Structures are given as C-alpha cells and as structure tokens.
2 protein chains.
Amino acid sequence: MLESDMLPSPLDSSTSYLSTSTIVALCLFFALLCTCVIVGHLLEENRWANESITALFLGLCSGVVVLLVTKFHSTKILIFNEDLFFLYLLPPIIFNAGFQVKKKQFFKNFTTILLFGVLGTVISFCLISLGAFLLFNGIGITNLGIKDHLAIGAILSATDSVCTLQVLSQDETPFLYSIVFGEGVVNDATSIVLFNSVQSLNFSSINAITVLKLLGTFLYLFCTSTALGIIVGLLSAYIIKTLYFGRHSTDREVALMMLMAYLSYMIAELLNLSGILTIFFCGIVMSHYTWHNVTGNSRTTTKHSFATLSFIAETFIFLYVGMDALNIDKWKTSKASIGTSVAVSSTLISLVLIGRAAFVFPIANIANCIKTRESTKVEFRSQVVTVLLTPSLQIERVFNTGQCPTPSHFIIWWAGLMRGAVTIALSYNQFSKSEIASAEDSALMITSTIILVLFSTVVFGSVTKPLIEAVKLRHSKPDISGSTDNQEDLRLLFLESNSSVNQRRSTLSLLRHYPTTTVHCFWRKFDDKFMRPVFGGRGFVPVAPGSSPAEDEIS
Amino acid sequence: MLESDMLPSPLDSSTSYLSTSTIVALCLFFALLCTCVIVGHLLEENRWANESITALFLGLCSGVVVLLVTKFHSTKILIFNEDLFFLYLLPPIIFNAGFQVKKKQFFKNFTTILLFGVLGTVISFCLISLGAFLLFNGIGITNLGIKDHLAIGAILSATDSVCTLQVLSQDETPFLYSIVFGEGVVNDATSIVLFNSVQSLNFSSINAITVLKLLGTFLYLFCTSTALGIIVGLLSAYIIKTLYFGRHSTDREVALMMLMAYLSYMIAELLNLSGILTIFFCGIVMSHYTWHNVTGNSRTTTKHSFATLSFIAETFIFLYVGMDALNIDKWKTSKASIGTSVAVSSTLISLVLIGRAAFVFPIANIANCIKTRESTKVEFRSQVVTVLLTPSLQIERVFNTGQCPTPSHFIIWWAGLMRGAVTIALSYNQFSKSEIASAEDSALMITSTIILVLFSTVVFGSVTKPLIEAVKLRHSKPDISGSTDNQEDLRLLFLESNSSVNQRRSTLSLLRHYPTTTVHCFWRKFDDKFMRPVFGGRGFVPVAPGSSPAEDEIS
C-alpha cells in the first residue's frame, strides 16, 4: 500500500487491499512457527530442551534480526498485544487442557488443587506485595504507590499453566500433573481476580469489609464461572444429541463444539466472570458428554484438532514473549543501570521463590495435621462425613511422611515456579498506563518482569524434567532397603494415586472396598440415572432407527 | 474498561484488559454462528435454503436489532473489514477447496476452466466496464471517472466461489462443480489482478503496450503463484516424510500442514502474487502427497478440521455481509432516491447477466468448432498432438449438441452468476477512498454492490439447486425417446465424464482404450517414478524398521 503510493508505476500488481507491515509480520510469525515445530520435533529426545524454550530462543533471535534490520527502531511486530493474547491465544489452550484432562484424577485432588490455587495464591500475593513494598525502597525505586506494589503481588502469583503443560507429562506423572496444572488454572483465575480487584480498589476506605468483599467477589466469580462453563457444555451435548448432527455432517458437529466452547469464554468475559475457569469447565463437560454423542470421525478430529490449535497457540505465545523481550522502547525508557535491573529482577525472582515456598510447605503441613487427626477418628465417623473428607484423605497420601520438606513437596514447589505470558500481559496492563508518576520506574518494572519470565521459563523450565527424572531414579532403585516413606511418597506423587502401591493404607483401601461411600460413586449413580439419559455420554450415543452413522463413519 | 473508569466502585471485577466493544461483537458473532449451524442443520432437507442464505438473513436480522438498540447510530460491528476477510477468512476456504477437490476431474477439465476463468473474465470485464460507462451517465451518475468504470468491471467479474461451493455438490454433479468452481477460483484471481492493474494503471499513457503488459503480468502472476503453491506443498510433503513426524506426535503433523498452507498464502501476498491461486495449488499438492505421509489419525483430523474451518469461515462471511448491508453511514451518504438506487442496482445486475452470457455461450461455440474440426482429423494426428488436444476433447463432451444455447450452457451460465464477499471487499477498497470527487456517488456504488450481492446470493443461489433438479428430472425420464442429444449432454454435465454413458463416442473411447497416450498417464508414470519416491504419496508411506505407527494409530 505504501509502496504503491510512493511508486505509481503503470503496472504495479501489489495487493493494495492488505497493508505490507501486517503481511510481513504474519509471514515472519508463520515461518517461525513452522521452524519451531520442526526444531521441536528434532529436539524431542533431548530432555533439557522443550518447545517453549525453542520458541523463546527463536523469538529472541528473530527479535535481534528485526532490530538489526530496522536499525534499532522499534517496530510494531515486537510489541505484546493483550487483546491477541486474551482473546485468541489463551482460550484454545485452556479449553484443550480441560478437554484432555484426566477427569477422575482431577476431581479426586480437587480440594488439594483449591487449597493450593486459592489459599496459596492469596498467601503468595500478600508476601510478594509486602516484600516488594519493603525491598524496592532500598534499591532506589521510590515512585511506586501501594496499588503498584499490590499489583506486583498479583502479577507474580500467576503460575504459568502453559509452560507446566509442556514440562510435565500427564501420562508419566499423572498426580503431579493434576496437582500442579490444576493449581495453575485456578491460580491464573485467582490472580486475575486479585489484579482486577486491586486496580478497582479504593484505597481511601480500606478496612475489614473490603477484605471480606474481596473474598465474596472471589467465591462468586469462582462459582458463577464454573456454572456457566458447565451449562454451555451441557447445552452443546443436549443440542448435538437431540438434533443428531452426525446425520448430515461431521464438520457441523466439530464446528458447533468449537464455536460453543469459544462462546462460553466470551460470555464469561462479557459478564465480567473468569473466562479461563469457564472454558476449562466447558472443556471438561464437553469431553464427558458431548464427545460421546458425535461420530467416530468427529471424535478423532476434535481430539487432535483441539490439541493442535492449543499447541500452535502455545508456541506462538513463547515466540511472542521472546520477540517482545527486545521491545527497545521500554529498555530505553527505563534508563536503569545494569546493576539496578539485575537487583530488581533478582528481587522479583527471590520473592517468587519465597512466595511459593511460603504456601506449598505450610499447606502440606496443614494437610499432614488433618491427616493425623482424621486417621484416628475415621472409624467413628458416619459414612457421610467420610464422604466429605475423601479429598483430604487424598492429600494425606502425598504428605504422609512426617518429614518437611520431603522430595515431593520440593517438586511441587519447583514445578510451579515458572511465570509466563499471563504475567507479561498483566504487567503491561498495569505499567504501560500513564497514571503512574514515573515513566522510568514503570518501564523498569516491565523489563524486570520480562527478565523474570525469560529466566524462570529457561532455567526452571529446563531443569524440571531432568530433576523429576533424577529424583525418580534415585528413589526407585531396586527394592534393597524396602519401601521407605520417601519412596512411597514419590511413588504416590508420580503414579496414579489408586494404583496397587497404596493397598496397605487402611483408610484408603476401606474406601476402595466400599466404593458406594465415595463422592465419585454417588456422582456416577447420579450421572447414569439423570445426566447421561438427557445429555448423552459413553454408552448413550443416540442410534436412529434403521441407521447407525456413528458406527458407519468409524474407519 | 469504560465502565470501571466511569464508576470507580471499591470492588469492580470487570476484566479491564479487554475492551467491551470487542467482547460484545465477538459474543454476538459467535452466538450467530452457532445459530447458523443449528438452523442450517434443521433446513438441510429444504432444497431452497442453504447455509449462505440462512447466514445472510440472520446477519440482516441481527443488523436490524443492532441498529434499533444503538438507535440508528453506526456501530463498529457492522463495518466490513478487508483485512479480516483477506487475511483470515478467505485462505481457509480456498485451501480446503484445493484440499478436497477431485483432482482427476479438475485436471481433465483444466483447459475449459482456464478458458472460462481467464478469457471469460476478461470479456466480462470489458463488457461490464463499457456498459457502466455508457449507461451510468443516463441514470445521472456523472462523477465517476474511467478508472471507476474499469474498477466496476473488475469488481463485478468475480464469481463467488464460496457460494458456488454451497449450492453445487461435488458428489451429485461432479462435472458441473469442477467447471464452475474451478472457474470461480481462477476468476477470483483474474479479477483481483485486473482490479489491481486498473488501480495502478497510468491512464495518461494507455496504449497497446499497456494491454500487452497487462497480459504479461497476468501470465507471470498465474505461473509464479501456481509454482509457489506447488513448491510449498512439496516441501511440506518432503519434511513430513523425511523427519517422520508421526513418531512423536500427530498434533505436530497437523500443525505443520496448517502452518505451511497459511504460510504459502502469506508468502504469495508478500511477493505481490495471487494468494488465492497459491493456497489452492498448495491444497491440491498437500492432498496428493503430504496427506498420505501422515498417520491415520492425522488424515481424519486434517480432512475434517480443514473442512470445519472452511465451513466456519464461509458462514462468518455471509453473516458479515448480511450485517454489513445495514451500514447506515453509507446509506445516509449516498442520499440517492429509491428510484436511482433501484436503477443502478438493476443496471449492475443486468450487466452481470449479460457479461456472463457474453462469454459462456461464445466460448461454448468455439469449443464446438474445435470439436468438429478435431473429431475428423484426430485419426491422422500423431499421438503427441492427441495428447495436447485431450482437454479440448473434453470440452467437446459438453458442447457437442450443435444447439446453442443448450440446457447445459444455460446451467453453467446460471450457476456462475452469484457475487459475494470478494465483490464487496473490492468495492469497499475502490469506493471508500477519498480520491473520488463525489462522496455521494461512491457511497451509492457501495450500496448498489451490496444490493447486487444480496440479490444474486438469495435469488440466483436459492434457485440453482431446484433448477438443476428440475432439468435433471425432465431429461432423465425413462428412455422413451431414446438417447437424445440434449439428454446425453446433460448426463455428461452431471455425471463423471468418464462414466459408462459416453462409451459410444469414438474419439473419447479411443483415448480411454489407449490410456498410455493421455497426459494423465504420462503424469502418473512420472509421478510414480520420480515424485512419489521423494515426496511420498499413496503407497509410499515411510515405515520405520520394527514399527508402523501409521497403521497402529488408525482406530
């Protein structure tokens, strides 16, 4: 467009309906994405590298090239766009996570996940805010207000669920995956709620009621977001079951599933709820009901296409973060010496480390206490109480060694240290506004956040896999010393918690031998009797009289 | 964002990182898309309706609702965005068309398709431009220059391939589909090239050399765009075959195919080639080679997910065109009386009808002449010449009755009358600029284009299916009068041209009995000997020693 304006040659075939900068940016991004997929495939066997790190490095390298080509002028390509991230990249990732999650495992650990995700995030938020408030004055950053310090706390409390997905394997370490990833989703939602609350908080009238209101808001958001996701998921199942889409086209089924999932996210955002939680639960419900109502081809297609879209979005995010790290404007504006930058970044990293340690180990200990108390009383309690306590009995399985910190605590702590795109997006949102007195300090906060994200993804991310392997190897040596507590502890962490290893624990095996008493079993009865006949599900696929395209189409 | 600025309540949970208007627009669009899918499914059996028309009507209705809600203020939701259309909606549709096209049928009719798509479009362009130039002064539109008249010719010459895809069925009428759809793709590319040439043409120095240059540019664009598509397609096949992606993940294969297809479109646009042609040929090559190199699950996934994405994009376009029709600003600016609007619109519609008639029937007659000449000489020609003439021998099969116009000519003429989103996008591009002297006349041209698109999609689109059925029914009555020329003609149009009906035609059956003489056969030999061993393809899937995940993964 620009070219054809400048050079009006008699025959110029430039496609004047598209702007050149958009095309160049898209070309670059798609070429890099292809490279990432290929390099990621080649590095598959390498346990230190993963797709995130490859994408980050490629992003950094191409950022350098772009800077050199444009002679250190800032270009639009490099700037992180919040809309793009929250509207188009995050939803497919979280939806796919819900769609592919192992539901049994996730719901068994639901209480643990909530404890980590909500209580833990709040503890971490308080500690990081306080730490930032106390330490930053010492470094020489004096222009930040109380709102900024609280925002830093909220921003740095968000564990990156995207990176966790890439580092941990659902099949190899299902329990660890379910705890850390589940925590990541709840934790993202918590920190976004905290962040929004902080932004809209009126600090002239802060008191106990404000804190209560904050709690109330959070509970309201959690429940309504979850309910919305479940309703949309059930609606999709009902529509596909009743109208029997597969009769006319597999593509229509797949399209409807995609569209309704995205619609749930958008409705949640429209109603000011947490879209992440909504689309996550929508994914879970869809995989439980809707997925069983569609044709065989639709099943294969949805399973893989959702995973593919999520994979592309993840890679795109890391590329983007890598390129964004070289946002030259911010580096110029911050004007901080290397010393100050390093000081701020290492302060932030330390705060993240301490903030996470401050809730992982105590919550584990609380769980231990509950366990000690419950295991002596469990025989005297009624069945209903046992049912209520089942999740906490699950927690006990992890934290049952009496030692603190055990290797399992340490791994849970370590695996949740990564910070990612949510952190960067929130940081931009807070510090790129003009409200803040000092432009230098806010630019410094953005650059430090970027350093933190790069450092945590590269260092913590690349070490996690080898660390888990090393710990597993050390503790799973042939049964020389018998089954020590630590070994049992780690087995529970890595393997499915209902594997045969746990048979000797009396409370749990009691529950397994009388499965009618568990919540899960009540749910299954309810599901079989009321839900599946209406919404479909495994074994409830509708069959039209005289034809069975669902079976026909399976090839 | 706006709300929280205006109402600084102590606890406002609004997601401040997203703008409300974007969310509202996305919510509305995705809710409408879901409705379209469901309504389209319910109307599947109805032969008058189709998804395009449903989407257009839903778009119009919601446009009315939006206008009423915003009290006739223009809203951003309603305005057609060229970037969105050319960057994100058109590529998946055209790629899928290439990916799912029946290659044998398409290449057999390649000469016919080129004749219609290139020569036909140029004839139509000249006629419509001339007509607009002569007639518009009579209606009272005097402010348009020669550039505008030529642009109108280019804009109205683009048959809508998207609507054609929905109205014609590849399985029921393969020959008609292959001719009309193939023409549509080539024709879109031709009219975009013509449009760009017109926009950049210097009218002070117009002469024979300019016309030659125009021709040269077109041939250059056609060949380079096609070559680029083929190269990217082959590259994807080679990479997936060599690196053996399925070993690690099905999702990576699918991602790479998607990314490389889109990359081909972007590279074409970057190099100022025709992205539509490139991605179309990329789709063809990918379905011939790459698709056979991936795992069974990837095959099912790609087949259906590409179709689904294309389906969503198509529905989105029609919704968008429907909503855009109520772009109140344009209607206000045009200030034309209803009489003038109707006059302009009906002039445009007549020009489209005449413009298409002016090339469909003559080209058919030329083909008839070629046929008459060739069928007497074919025995004396060498095999090589026969090979070169094979495509024209195919044309003869359609136009072999001597009558003009035959029902088959009529149907080819009718099925290509629809105008769609490409027309609207180009019209916006031409007439929303400030260059043109009269804002009123240019607004009138946009509104008239919108009326033309709505009219042609609804009227021509809904009549096509019943028309084909009626003609088929009338001519396929039990063999009372024997095999008339017309009947034979229509059978050839509707059925695959190598079906057993054609056996009695000597020239064609000669070619079928000595298939070694056809281009197709040369190509197959070349393909089997040189291409497939390198790029894979049916029967050339790599099998790793000791494992065969391609077979394992087929469920």
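This text follows the structure it describes.
Residues numbered from 1 in each chain as written. Chains lettered and ligands numbered in written order. Predicted model: local features only at pLDDT ≥ 70, side-chain atom pairs only at ≥ 80, totals over all residues. Heavy atoms only, no water.

Overview of the overall build of chain A
Stage number 1. In terms of helices and strands, chain A carries 23 helices and 0 strands.
Stage number 2. With 555 residues in all, chain A has 59% of them scored as buried.
Stage number 3. Residue pairs in contact within chain A that sit at least 24 positions apart in sequence constitute 83% of those at least 6 positions apart.
Stage number 4. Accessible surface, chain A: about 21,900 Å² in total, of which carbon and sulfur atoms supply 67%. (Helix = DSSP H or I, 4+ residues; strand = E, 2+ residues; numbered from the N terminus. Buried < 20%, exposed > 50% of the residue type's maximum accessible area, 1.4 Å probe, protein only. Contact = heavy atoms within 4.5 Å. Areas by Shrake-Rupley, 256 points an atom, 1.4 Å probe, with all protein chains shown as cover.)

Structural notes on the interface of chain B and chain A
Stage number 1. The interface is formed by 81 residues belonging to chain B together with 81 residues belonging to chain A.
Stage number 2. A buried area of about 7,500 Å², summed over both sides, lies between chain B and chain A, and 69% of it is on carbon and sulfur atoms.
Stage number 3. Linking chain B with chain A are 6 residue pairs in polar contact (both at pLDDT 80 or more), by the criterion used here.
Stage number 4. Looking at the side of chain B that touches chain A, the elements with two or more residues in it are helix H2 (20-42), helix H4 (82-100), helix H9 (174-200), helix H10 (208-243), helix H11 (250-270) and helix H13 (296-324) of chain B.
Stage number 5. Classifying every residue of the side of chain B that touches chain A by side-chain character gives 43 nonpolar, 27 polar and 11 charged. (Buried area = accessible area lost by both parts, 1.4 Å probe. Polar contact = N/O pair within 3.5 Å; in protein donor to acceptor, adjacent residues only side chain to side chain. Nonpolar A, V, L, I, M, F, W, Y, C, P; charged D, E, K, R; others polar.)

A word on the packing of aromatic side chains
Stage number 1. Going through the model one piece at a time under the given rule, you end up with 43 aromatic pairs over all chains.
Stage number 2. A centroid spacing of 6.5 Å and a plane angle of 25° characterise the contact between A:Tyr262 and A:Tyr265, whose relative ring orientation is stacked. Pair noted here: A:Tyr262 and A:Tyr265 are both in helix H11 (residues 250-270), with a separation of 3 residues, about one helical turn.
Stage number 3. Given a relative accessible area of 11%, A:Tyr262 falls into the buried group.
Stage number 4. A centroid spacing of 5.7 Å and a plane angle of 45° characterise the contact between B:Phe316 and B:Tyr320, whose relative ring orientation is tilted. With B:Phe316 and B:Tyr320 both in helix H13 and 4 residues apart, this pair spans about one turn of that helix.
Stage number 5. Residue classification places B:Phe316 among the buried residues on the basis of a relative accessible area of 13%. (Phe/Tyr/Trp six-rings, centres within 6.5 Å; stacked < 30°, edge-to-face > 60°.)

With respect to the nonpolar core
Stage number 1. Counting residues in hydrophobic clusters, the biggest one holds 277 residues, and the most contacted among them are A:Phe85, A:Ile152, B:Phe85 and B:Ile152.
Stage number 2. Not counting chain neighbours up to four residues away, the residues in contact with B:Ile152 comprise B:Ile128, B:Ala132, B:Phe136, B:Leu144, B:Leu348, B:Phe431 and B:Met445. (Core = buried A, V, L, I, M, F, W, Y, C linked by side-chain atoms within 4.5 Å.)

Re the relation of the copies chain B and chain A
Stage number 1. Mapping chain B onto chain A calls for a screw motion: a turn of 180° about the axis and a shift of 0.0 Å along it, with 0.0 Å RMSD after fitting. The superposition of one copy onto the other is thereby described by a two-fold rotation axis. Within chain B, the C-alpha atom positioned nearest to the axis of rotation is that of B:Thr301, 2.1 Å from it.
Stage number 2. Here 100% of the interface residues in chain B have copies in chain A that are interface residues too; the copies meet face to matching face. (Least-squares fit on C-alpha atoms with pLDDT ≥ 70 in both.)

What to know about the pattern of salt bridges
Residue and element names in this part refer to chain A.
Stage number 1. Under the criterion given, the structure shown has 6 salt bridges over all chains.
Stage number 2. Note that aspartate 527 is salt-bridged to arginine 532, the shortest N-O span being 2.9 Å. Taken individually, aspartate 527 and arginine 532 each receive the classification buried, so the pair is uniform in this respect.
Stage number 3. One salt bridge connects aspartate 528 with arginine 532, and the closest N-O pair in it is separated by 3.5 Å. Residue aspartate 528 and its partner arginine 532 are located together in helix H22 (residues 519-535), separated by 4 residues, close to a single helical turn.
Stage number 4. Residue classification places aspartate 528 among the partly exposed positions, given a relative accessible area of 38%.
Stage number 5. Given a relative accessible area of 13%, arginine 532 falls into the buried group.
Stage number 6. Among the ionic contacts, a cluster of salt bridges with common partners joins Asp527, Asp528 and Arg532. (Salt bridge = Lys/Arg side-chain N within 4 Å of Asp/Glu carboxyl O.)

A word on helix H3 (residues 51-69) of chain A
Three or four residues apart is the spacing at which side chains of an α-helix point the same way, because the helix has 3.6 residues per turn.
All names here are of chain A.
Stage number 1. When the terminal C-alpha atoms of H3 are compared, their 26 Å separation across 19 residues agrees well with the 27 Å that a helix rising 1.5 Å per residue should span.
Stage number 2. Burial in H3 covers these residues: Glu51, Ser52, Ile53, Thr54, Ala55, Leu56, Leu58, Gly59, Ser62, Gly63, Val66 and Leu67.
Stage number 3. Just past H3, the residue lysine 71 takes up positive phi, approximately 55°. (Expected span 1.5 Å × (residues − 1).)

Focus: unusual backbone geometry
Stage number 1. A positive phi angle, near 60°, is found at A:Asn272, a position not held by glycine.
Stage number 2. Along the chain, A:Asn272 turns up in the loop between H11 and helix H12 (275-293).

A short note on the environment of A:Ser157
All names here are of chain A.
Stage number 1. Tracing the sequence through the fold places serine 157 in the loop between helix H7 (146-156) and helix H8 (161-167).
Stage number 2. With a relative accessible area of 2%, serine 157 lands in the buried category.
Stage number 3. The sequence separation of serine 157 and phenylalanine 125 amounts to 32 residues, and the corresponding C-alpha distance is 5.8 Å.
Stage number 4. For serine 157, the side chain forms a polar contact with the main-chain oxygen of glycine 153, separated by 2.6 Å.

Examining a nonpolar patch on the surface
Stage number 1. Among the surface-exposed residues, A:Leu130, A:Phe133, A:Leu134 and A:Leu135 lie close enough to one another that they form a single nonpolar patch of about 400 Å² accessible area.
Stage number 2. Its location among the elements puts A:Leu134 in helix H6 (residues 110-139). (Patch = residues over 30% accessible without salt bridge, like charges linked within 9 Å, V, L, I, M, F, W, Y side chains within 5 Å.)

Some thoughts on the packing of helix H2 (residues 20-42) of chain A against H11(B)
Stage number 1. At a minimum axis distance of 9 Å, the contact between H2(A) and H11(B) shows a crossing angle of 150°. Comparing their axes, H11(B) and H2(A) come out roughly antiparallel. Crossing hand, H2(A) versus H11(B): left-handed. Residue-level inspection shows A:Ile23, A:Val24, A:Leu26, A:Cys27, A:Phe30, A:Ala31, A:Leu33, A:Cys34, A:Val37, A:Ile38, A:Gly40 and A:His41 of H2(A) in contact with H11(B), the latter providing B:Arg252, B:Leu256, B:Leu259, B:Met260, B:Tyr262, B:Leu263, B:Met266, B:Ile267, B:Glu269 and B:Leu270.
Stage number 2. Counted by class, the contact of H2(A) with H11(B) contains 18 nonpolar, 2 polar and 2 charged residues. (Axes fitted to C-alpha atoms, helices over the stretch in contact; angles between N-to-C directions. Parallel < 35°, antiparallel > 145°, perpendicular 65-115°, else oblique. Left-handed = near helix turned anticlockwise from the far one by under 90°.)

Some words on the state of the cysteines
In protein chemistry, a disulfide is the covalent bond that joins the sulfur atoms of two cysteines.
Residues and elements named next belong to chain B.
Stage number 1. As enumerated under the stated definition, the model contains 0 disulfides over all chains in all.
Stage number 2. Cysteine cysteine 61 is unpaired, with the sulfur of cysteine 36 as its nearest cysteine sulfur at 10 Å.
Stage number 3. Judged by its relative accessible area of 48%, cysteine 61 falls in the partly exposed class. (Disulfide = S-S within 2.5 Å.)

With respect to the environment of A:Gly283
All names here are of chain A.
Stage number 1. Mapped onto the fold, glycine 283 is located in helix H12.
Stage number 2. Note on glycine 283: relative accessible area 0%, which makes it buried.
Stage number 3. Here the alpha-carbon distance between glycine 283 and isoleucine 446, two residues 163 residues apart in the chain, equals 33 Å.

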